[in-house]
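Per-entry structural report
Listed below are the residues making up each chain.
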Amino acid sequence: TTDPGPLHRAEWGEFLSLFFNLEKTAADIFAGTVDRYTCHTEQGQLRATSGRKVVAWVSRQTYPEVSYTIDTAAYKRQLIEDAGGIMHAPASTSFATPEAFADAVSGVDVLIDETYFATLPTDIAEVCAIYGFSPCSRDSSLPFLRDAQLWRYDKLSNSPTVAGLDWFESAIAEPDIVLEDLQDILHPDLQPFHNRTWFRNLALAEQVTYEPATCTNSVESRDPRGEGCPYFGAQSTVDFSADWNVTYHAHHKVVWNRKVGERYVLYKRGTEPPFALYPNSKFFEIPIRSVAVATTVAATLLELLGLRETIRYMDLTYVTSGCLRVLGASGDIEKFEFGFGANTTRQRQQINDVDMVLTSSGDASEPKIVAYSSTTDPGPLHRAEWLEFVGLFFDAELTARTLMNETANRYTCHQGQAMSQATTTGKKKVAWVTKRTWTTPPEFVIDAADYKKALIEDAGGEMLSNTTLVFTSATAFAAELALADVLIDESYEFDLNDATLSKICQTYGLSCTNLEQSPMKFLRNGDVWRLDGLASASAGGGLDWYESAIPEPDAVIADLVSVLMPSVFPVAHSRTWLRNIAVNEPVVIESATCQNTSLPRTPRNGLCPVYQALPPPSVQSNLSVAFTATFASLDLLSMSAADGNSESLSRFIGDFTSVITGYSKATSVEVLSINLGSVVIRSEASFETTDDAQRLNAALVRNPDEIFSGDDSFVASYGTPSISEVSSSVELPPVSQECAKVIESVCPSAGECQEHKDVTCPFLYEKDDEHWCDGGSVCYANGDDGSCCKRDEGLMAGFIVGIIAAFLTVLAFCYCCFRCGSTKGSTATSQQNSAAAGYLSPNAEPERRGSVDGATEPKKGSAVELV
């Protein structure tokens, strides 16, 4: 209560959270409070430019004697000023008589009474009586009575008598709601839908709301009262683009075009433009109702947003869209006089006639020009996201964001399948080429623009060169092209019928005779492409590529994938722009027709059939193992406190997480809590596969030392913890009698099948890696090392007993030979005895010994063979 400002006081929620390990929750709540408070403050400051009301917080004191007080506490002053008012702060703030007090508040517009009442007042007359205000009506000379502006903050209470007021519980924690309440008093038009929480107007006989002693769920957290700010609906966020950004405010948006260094302030119709806040900016009242378009690049995106009919002026000479050309033919869209040779007088008239001019470059001197800089953003999705940039000016965020999300989903769908396919089929090298005929000498260019490189790589190919190459020698140019699998020609042709394979060869100095023997792979394979598959006319028309490729990169990548690896598509893909002139594919001419100019244009690439045919593997997200680990002789928290920092604790958490993650391929490990003294942590690990989850679960329950003792550095630093309270979403794997737990479906080869942890059992040497591999097909591992050792001890003991028995048998055999002289009979007898004893003969199939090497043939001269 003594911290000076509203947000200062609210931040004590984070102070309290420290005692409950709830820092993240508190930080999130406070961050939301700050955002809303800041937004409402900006609202108040904007509205205050048209006038501020004077506010006084007052009370009548009875101890030690009757006095009348005007409170000027710092947090109250801050609240009033942030809400767009003026704090009444006279030189003298305490008065002994009602007359002196009334004189002190004679210039106050809004009075907030804080006087304590044992029974909450229900009528303004009760408050007038304690201050001696007369008359207590709109006939008063006091402004707050004349305008019915006498308030109290006791609207929410638990009882009418000896009442507890929610103001004293909640106002500190929720200053954003206090600000909303005050703005509803000072500038009610700012808060048309706000329902005040604490302030009630006694001058209008507003009554107290009593909160009942009921609760739906006492365990769940209470939701903040914040109603949100700003009051815009859907909002755009920049997910890809490098060259624009937007922030939202109470009644306006601020949009930056970083490429041209311009700032656009978009304010809602009917509100005041915030000129004072944003000097050197361009201001637009939104939504925009009419636009002049100076670039065909923006044509398709305006159609996708359903904004065709906002276009008043546009040169449609090179536009492909049938619907826009229909609007041009009907006179709804007139030619825009813009650029070189334009009628500047008519241009000025047209600019004055619209709300905005959309161009591909900025002009700081023209306040209505907005630069649409999509062509310079580096990647395909970066460029496409300028759809949302334009949507901001029309309040079309919801439509734009929906379109962009769908486009990005389809794009990444094609990208994922193409790149996966490329790992097995190999990648084709692609060259984007053109010839600059306006230079001297002419230049041959292999273009490596960022967006082209991204498109090719995402479509499963690779660029012939990762940097743009420029040649003045056709021979050197051809030598570089020899390595290309696919050629994409971007050279200009007035008449598309002239864009033939022979013309390509002529333009770039290539030989088109005997193509089967050509040194150029793209000529041998018939992979020579152009981007003019869709145009408005065969001669002198516009190419749809320049209108639609930017807002529809998903359709572009679909075209490219069908060129680079057509086997990816389960059905034949009908390309939009890429046409193969090596096989004389024709140009498609779009006619000047349109079914309905009012409807938005449907995106071309409505599906991603690739993933429908080859769905990616699903990942189980509900596989987890939780447990408590107690480090009995570790006091990291005290160490950190003594050091004045948390490095020791942070290092321990990192090391612990690494052990768990490394042991069982956990996708993540979250340390839920740490206690003082001996370190007791509650940890939860999540997994992508059941096998990994079972592995950690089994180790924690059956042999937890195995997890940590494999990391000598960790044990030396922190010791080995005791494990308790293990819970898991997967069942424990069964313990095999054969001491064999399958953890891999295939072991690569002997020597590569690693056991989980090196174990040296009594009587045995450490088992080599190949001992865990059964016939090259299955890996066995120490899911339960203790059982392995016990079984191995038994096998070793049996083996020793067998050796002793064998030795006695040999002695008996020798004795028989000596006594009887019958070697043959003795041998037969020894073989029968061996069979009876159950030992292996050289030709018998060896017994599998689980995870111990019992599957190899006995060596010549071994004890087994002698027996």
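Residues numbered from 1 in each chain as written. Predicted model: local features only at pLDDT ≥ 70, side-chain atom pairs only at ≥ 80, totals over all residues. Heavy atoms only, no water.

1. A few points about the overall build of the chain
Along its length, the chain carries 30 helices and 33 strands. The proportion of buried residues among the 867 residues of the chain is 45%. The long-range share in the chain, meaning contacts at least 24 apart out of those at least 6 apart in sequence, stands at 67%. Of the accessible surface of the chain, which amounts to about 42200 Å², a share of 53% is contributed by carbon and sulfur atoms. (Helix = DSSP H or I, 4+ residues; strand = E, 2+ residues; numbered from the N terminus. Buried < 20%, exposed > 50% of the residue type's maximum accessible area, 1.4 Å probe, protein only. Contact = heavy atoms within 4.5 Å. Areas by Shrake-Rupley, 256 points an atom, 1.4 Å probe, with all protein chains shown as cover.)

2. Re the environment of C608
One can find C608 in the loop between β26 (588-589) and α22 (609-613). For C608, a relative accessible area of 11% corresponds to the buried category. With 197 residues separating them along the chain, C608 and Y411 place their C-alpha atoms 8.3 Å apart.

3. A few points about the confidence of the model for the chain
In the predicted model, the chain carries a mean pLDDT of 80, and the fraction of residues at 70 or more is 77%. Overall, residues 640-646 carries pLDDT values under 50, and its contacts beyond four positions in sequence, including any with other chains, amount to 5 contacts. Here residues 735-797 is a poorly scored stretch, pLDDT under 50, and it has 103 contacts once near neighbours within four places are set aside; other chains count. (pLDDT = per-residue confidence, 0-100.)

4. Description of the sheet that holds strand β10 (residues 244-248)
The sheet built from 4 strands is open, its strands ordered β10-β11-β12-β13 with mixed pairing. Taken across any chain shown, the strands that pair with only one partner, and hence form the sheet edges, are β10 and β13 (282-286). For this sheet the average axis-to-axis angle between neighbouring strands, irrespective of direction, equals 20°. Pairing geometry for β10 and strand β11 (residues 252-257), over 5 bridges, is antiparallel. What sits directly across from T247, in β11, is V254. (Pairing = 2+ DSSP bridges. Axes fitted to C-alpha atoms, helices over the stretch in contact; angles between N-to-C directions.)

5. Looking at unusual backbone geometry
In this chain, Y63 is followed by P64 through a cis amide linkage whose omega measures 0°. Note on placement: P64 falls in the loop between β1 (54-61) and β2 (67-71). You will see that N21, though not glycine, has its phi angle at about 55°, which is positive. Considering the arrangement of structural elements, one finds N21 in the loop between α2 (12-17) and α3 (23-48). Of note in this structure, A148 is not a glycine but carries a positive phi near 55°. Position of A148 among the secondary structure elements: in the loop between α7 (143-146) and β6 (150-152). You can call A148 buried: its relative accessible area is 4%.

6. Describing the environment of T97
If you trace the backbone, T97 turns up in the loop between β4 (94-95) and α5 (98-104). With a relative accessible area of 34%, T97 lands in the partly exposed category. Considered as a pair, T97 and G132 are 35 residues apart in the sequence and their alpha carbons are 9.2 Å apart. Within polar-contact distance, the side chain of T97 engages the backbone nitrogen of A100 at 3.2 Å. (Polar contact = N/O pair within 3.5 Å; in protein donor to acceptor, adjacent residues only side chain to side chain.)

7. Some details on the nonpolar core
Y264, M356, Y372, F389, V390, F393 and F394 are the most contacted members of the largest nonpolar core, which totals 42 residues. Per-element accounting of this core gives the leading share, 5 residues, to helix α14 (residues 386-392). When near neighbours in sequence (up to four residues on either side) are disregarded, V390 contacts L301, L302, L305, L358 and Y372. A418, L455, A459 and M463 belong to the second-largest nonpolar core, a separate cluster that totals 32 residues. (Core = buried A, V, L, I, M, F, W, Y, C linked by side-chain atoms within 4.5 Å.)

8. Overview of the pairing of β10
The alternating pattern of β10 places W244, V246 and Y248 on a buried face, while none of N245 and T247, on the opposite face, is buried. Linking two consecutive strands that pair antiparallel, namely β10 and β11, is a turn of 3 residues.

9. Looking at a nonpolar patch on the surface
There is a patch of nonpolar side chains on the surface, built from W12, F15, L16, L18, F19, F20 and L22 and spanning about 790 Å² of accessible area. With respect to the element layout, L16 can be found in helix α2. (Patch = residues over 30% accessible without salt bridge, like charges linked within 9 Å, V, L, I, M, F, W, Y side chains within 5 Å. Salt bridge = Lys/Arg side-chain N within 4 Å of Asp/Glu carboxyl O.)

10. Focus: the side chain of S518
Examined against the element boundaries, S518 turns out to sit in the loop between α18 (501-508) and α19 (521-524). Its relative accessible area of 4% is what places S518 among the buried residues. Not counting the four nearest positions on each side in its chain, S518 is found in contact with L523 and R524.

11. A short note on the pattern of salt bridges
Taken as a whole and judged by the stated rule, the model has 41 salt bridges. When the shortest N-O distance is used, the salt bridge between R77 and E81 registers 3.8 Å. Here R77 pairs with E81, and both are found in helix α4 (residues 74-82), just 4 residues apart, close to one helical turn. For R77, a relative accessible area of 32% gives the class partly exposed. For E81, a relative accessible area of 33% puts it in the partly exposed group. Here R152 ties to D113 by a salt bridge, and the two come within 2.7 Å at their closest N and O atoms.

12. Considerations on the packing of α4 against helix α9 (residues 175-186)
Running from N to C, α4 and α9 cross one another at 55°; their axes reach a closest spacing of 9 Å. Judged by the angle between their axes, α4 and α9 are oblique. Regarding α4 and α9, the two cross each other, and that crossing is right-handed. Packed against α4, whose contacting residues are L79, I80 and D82, the element α9 presents P175, V178, L179, L182, Q183 and L186 at the interface. Taken together, the residues of the contact of α4 with α9 sort by class into 7 nonpolar, 1 polar and 1 charged. (Parallel < 35°, antiparallel > 145°, perpendicular 65-115°, else oblique. Left-handed = near helix turned anticlockwise from the far one by under 90°. Nonpolar A, V, L, I, M, F, W, Y, C, P; charged D, E, K, R; others polar.)

13. Topic: the sheet that holds strand β14 (residues 291-293)
Across a sheet, paired strands are connected by hydrogen bonds in the backbone, their directions being either parallel or antiparallel. Spatially, the 4 strands line up as an open sheet ordered β15-β14-β16-β17, and their pairing is parallel. Strands with a single pairing partner mark the edges of an open sheet, and in this sheet they are β15 (311-314) and β17 (369-371). Neighbour to neighbour, the strand axes of the sheet diverge by 25° on average, direction disregarded. With 3 bridges joining them, β14 and β15 adopt parallel strand pairing. In the strand pairing of β15, V291 is matched with I311.

14. Observations concerning α4
Among all positions of α4, only Y75, K76, L79, I80 and D82 are buried. Positioned one or two residues after α4, G84 has a phi angle of 100°, which is positive.

15. Comments concerning the packing of helix α15 (residues 397-425) against helix α21 (residues 553-564)
α21 packs onto α15 with a crossing angle of 20° between their chain directions and a minimal axis gap of 8 Å. What the angle tells us is that α15 and α21 run roughly parallel. The chirality of how α15 crosses α21 is left-handed. Side by side, α15 and α21 meet where T407, R410, Y411, H414, Q415 and A418 of the first sit next to P553, D554, I557, A558 and V561 of the second.

16. A short note on the packing of aromatic side chains
Considering all chains together, one arrives at 34 aromatic pairs under this definition. On the basis of an interplanar angle of 85° and a centroid distance of 6.4 Å, the ring pair of Y153 and F199 is categorised as edge-to-face. Of this pair, Y153 sits in the loop between β6 and β7 (156-157) while F199 is found in the loop between α9 and β8 (200-201), placing the two residues 46 residues apart along the sequence. Like Y153, the residue F199 is buried in the burial classification. Relative to F389, the ring of W386 has its centre 4.6 Å away and its plane inclined at 55°; by these criteria the two rings are tilted. Within this pair, W386 and its partner F389 are both found in helix α14, separated by 3 residues, close to a single helical turn. Assigned by exposure class, W386 and F389 land together as buried. One aromatic cluster is present, formed by W244, Y264, F284, Y372, W386, F389 and F393 through successive ring pairs. (Phe/Tyr/Trp six-rings, centres within 6.5 Å; stacked < 30°, edge-to-face > 60°.)

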